[in-house]
Amino acid sequence: MENPKREQWSSKMGFILAAAGSAIGLGNIWKFPYIAGENGGAAFLFIYLICILSIGLPVLIAEVLIGRTTQRNPVGAFKKLTNNKFWSYVGKMGIITAFIILSFYSVVAGWAIGYIVESAKGAFQSFKEPAQAGEYFNSLLLQPEWNLFYLLVFILMSMFFVYFGVQKGIEKGSKIMMPLLFILLIILMIRGITLEGANEGLKFFFHPEWSKITSQTILLALGHAFFTLSLGMGVIMTYGSYMSNNDSIPGTSLSIIILDTVISVVAGVMIFTTVFAFGQDPAQGPGLIFHVIPVVFNQMPGGIFFAILFFILLALAALTSSISLIEVVVAYFVDEKKWKRQKAVIFTGVVGTLLAIPCSLSYNLMSEVKLFDSNFFDTLDFLASNILLPLGGFLLAIFVGYVWGLDKAVENLKIGSEKFFEKYPVSLFLWKIFIKYLAPLLMFFVLLDTVGILKVVKNLFVE
Ligand code: TRP
């Protein structure tokens, strides 16, 4: 039975902001600056941009396209385009991946909310060294109640927006939160570049160190391009399913990619100028924002204020991403199982929380519990980011190129973008080549690398 009342975004901008909200997250503000810093600065940026354009963009277009064409969640979308049961399992893999990402993502987002409160309380005021802030962070991690409380607050906030639907919840929320995020980021970046000694940070970030680029870096850039755009598990497909046929898919996809990339670069500038201005070590990995940032802000005038802004920024970025994770699951239950949206939101929130609890306890009560040699949190992160997302993206490209077929795909892609393709006919040609041949091939390498096969092959040649 057709679903007569399926919602749509009220405008093209609504879709762009919601999708950019999903894409822009902890990956941009925390992860990107850190991996770029460690892997050759501007040289990494250059490789990353190539990956974004050659793999990110074509796969993003393909996901939006399948969503808009079928007007369905990932499972329903594949079902509508092929009778082969295998593909509805691929859709289900996306739903499961959503739960997995939601669980560990919410834990970190919970820390961000907790840090808004800690900054406001002035907890960081006596810190002079990152080591002190690090100790403080670790002492918070050891308290299960602290972790669980903020985790719950975060999940409830995410559920709130999804509860009110596509237009009144997600779109409205994104239209308020995304501009706020842009403003906060710009304030913090200006603060960063006007600090004395900021130049060192800019040099560090924009100086290309080509010698640091290895095959490993390329795989890292490719993997991150994928993660940062929220590809490979059906979020973008679901958001695309609320899009109207009047809007151009290549145009909107390009906007999303540009927003996501600009935010990553601006976040990098903000973090490195600030960290270098205070002579801190930029290569601290996951600790960077929770260890260094409180100390850094503490040493500048009005530091409490900027620290609060920073953690609000982080929490907002995470919130618009987790909203999209919940929406995929909700869309599945609403489309396929005919559940009411409200029931689906509550169910998803409860199951998501149950899965997030062990992640949250990975740093205290359950630190001894190991799954495949790592704690719960790390295992779920690895499983999603390094296996399920690239696998999902690989299968999606295969689906478009070989199962659904380029002819049908192009026919639908042209709807709403006739003018775009008249003006840039070569873009269509490029998309076909990239989605059918290049994207699957490159993602196949990422997967081989993850399972360790590339290393074995390389050793064969070296010996
Ligand atoms: N893009 C998000 C970020 O950069 C992370 C992410 C990956 C994600 N896949 C997702 C978010 C799916 C929501 C849905 O932080």
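To be clear, the structure that these remarks concern was listed above.
Now for a look at the structure at hand.

Rules used throughout
Residues numbered from 1 in each chain as written. Predicted model: local features only at pLDDT ≥ 70, side-chain atom pairs only at ≥ 80, totals over all residues. Heavy atoms only, no water. Near = heavy atom within 4 Å. Polar contact = N/O pair within 3.5 Å; in protein donor to acceptor, adjacent residues only side chain to side chain. Areas by Shrake-Rupley, 256 points an atom, 1.4 Å probe, with all protein chains shown as cover. 1 Å grid on protein atoms, 1.4 Å probe; cavity = no way out; pocket = protein on both sides within 12 Å on 5 of 7 lines; lining within 4 Å. Sits in = over half its atoms within 2 Å of the grid points. Helix = DSSP H or I, 4+ residues; strand = E, 2+ residues; numbered from the N terminus. Nonpolar A, V, L, I, M, F, W, Y, C, P; charged D, E, K, R; others polar. Contact = heavy atoms within 4.5 Å. Points joined across faces, edges and corners; volume = space filled by probe spheres on them. Salt bridge = Lys/Arg side-chain N within 4 Å of Asp/Glu carboxyl O. Buried < 20%, exposed > 50% of the residue type's maximum accessible area, 1.4 Å probe, protein only. Expected span 1.5 Å × (residues − 1). Axes fitted to C-alpha atoms, helices over the stretch in contact; angles between N-to-C directions. Parallel < 35°, antiparallel > 145°, perpendicular 65-115°, else oblique. Phe/Tyr/Trp six-rings, centres within 6.5 Å; stacked < 30°, edge-to-face > 60°.

1. Overview of the site of the ligand
Near the ligand you find 16 residues, and of these Ala23, Leu26, Gly27, Tyr105 and Phe227 are the closest. Here an oxygen atom of the ligand sits 3.0 Å away from a polar atom, N or O, in the main chain of Leu26. Ser230 places a side-chain nitrogen or oxygen 3.1 Å from a nitrogen atom of the ligand. The fraction of the free accessible surface of the ligand (360 Å²) that becomes covered by protein chains is 100%. Because more than half of its atoms lie within 2 Å of the grid, the ligand is assigned to the largest cavity. Of all the secondary-structure elements, those providing two or more residues to the shell around the ligand are helix H1 (12-23), helix H2 (26-38), helix H5 (85-121), helix H10 (215-228) and helix H14 (303-336). Looking at the shell around the ligand residue by residue, the class counts come to 8 nonpolar, 8 polar and no charged.

2. Details of the environment of Val108
You can see Val108 is positioned in helix H5. Between the C-alpha atom of Val108 and that of Phe161, which follows or precedes it by 53 residues, the distance is 19 Å. Ignoring any residue separated from it by four or fewer positions in sequence, one finds Val108 in contact with Leu26, Phe290 and Phe377.

3. Comments concerning the layout of surface pockets
Volume-wise, the largest pocket comes out at about 980 Å³. Considering the residues around the largest pocket, the lining is formed by 35 residues, among which Trp30, Lys31, Asp381, Ser385 and Asn386 are closest to the centre. Going through the elements one at a time, H2, H5, helix H6 (130-141), H10, helix H13 (287-298), helix H16 (376-413) and helix H18 (425-450) are the ones with two or more residues in the lining of the largest pocket. Partitioned by chemical class, the residues of the lining of the largest pocket number 20 nonpolar, 10 polar and 5 charged.

4. Brief notes about empty space enclosed by the protein
Applying the stated criterion across every chain, the model contains 4 cavities of 30 Å³ or more. Computed from the structure, the largest cavity encloses a volume of approximately 170 Å³. Lining the largest cavity are 17 residues, with Ser22, Ile101, Tyr105, Phe227 and Ser230 sitting closest to its centre. At the level of elements, H1, H2, H5, H10 and H14 are the ones that each hand at least two residues to the lining of the largest cavity. With 3 residues, H14 is the largest single contributor of residues to the lining of the largest cavity. Across the lining of the largest cavity, the residue classes break down as 9 nonpolar, 8 polar and no charged. Lining the second largest cavity are Glu63, Pro74, Phe78, Val90, Gly91, Gly94, Gly232, Met233, Gly234, Met237, Gly392 and Leu396.

5. Let's talk about the pattern of salt bridges
A full pass over the atoms with the stated rule returns 6 salt bridges. Linking Lys79 and Glu336 is a salt bridge whose minimum nitrogen-to-oxygen distance equals 3.2 Å. In this pair, Lys79 sits in helix H4 (residues 74-81) while Glu336 sits in helix H14, placing the two residues 257 residues apart along the sequence. Judged by its relative accessible area of 47%, Lys79 is partly exposed. Judged by its relative accessible area of 23%, Glu336 falls in the partly exposed class. Here Glu118 ties to Lys121 by a salt bridge, and the two come within 3.5 Å at their closest N and O atoms. A residue pair is termed a helical-turn pair when its members lie 3 or 4 positions apart in one helix, as Glu118 and Lys121 do in helix H5 at 3 residues. Among the residues examined, Glu118 registers a relative accessible area of 3% and is labelled buried.

6. Observations concerning helix H7 (residues 144-163)
Along its 20 residues, H7 runs 28 Å from first to last C-alpha, staying within 8% of the 28 Å computed at 1.5 Å per residue. Inspection of H7 places Pro144, Trp146, Asn147, Tyr150, Leu151, Phe154, Ile155, Ser158, Met159, Phe161 and Val162 among the buried residues, and these make up the whole buried set. The inward-facing, buried residues of H7 abut H5, H6, helix H8 (166-193), H14 and helix H15 (341-360). A positive phi of about 95° marks Gly165, the residue just after H7.

7. Considerations on the packing of H10 against H18
One way to put it is that H10 packs onto H18 with a least axis distance of 10 Å and a crossing angle of 110°. By the criterion of interaxial angle, the relationship of H10 to H18 is roughly perpendicular. Each of Gln216, Leu219, Leu222 and Phe226 in H10 lies in contact with H18, whose residues at this interface are Leu442, Met443, Phe445, Val446 and Asp449. The residue makeup of the contact of H10 with H18, split by class, is 7 nonpolar, 1 polar and 1 charged.

8. Some remarks on the packing of aromatic side chains
Summed over the entire model, instances satisfying the criterion amount to 47 aromatic pairs. Where Tyr115 meets Phe290, the ring centres are 5.1 Å apart and the plane angle is 85°; that geometry is what we call edge-to-face. With Tyr115 in helix H5 and Phe290 in helix H13, this residue pair connects regions lying 175 residues apart in the sequence. Residue classification places Phe290 among the buried residues on the basis of a relative accessible area of 2%.

The quantities given are spatial measurements derived from coordinates; they are silent on function.
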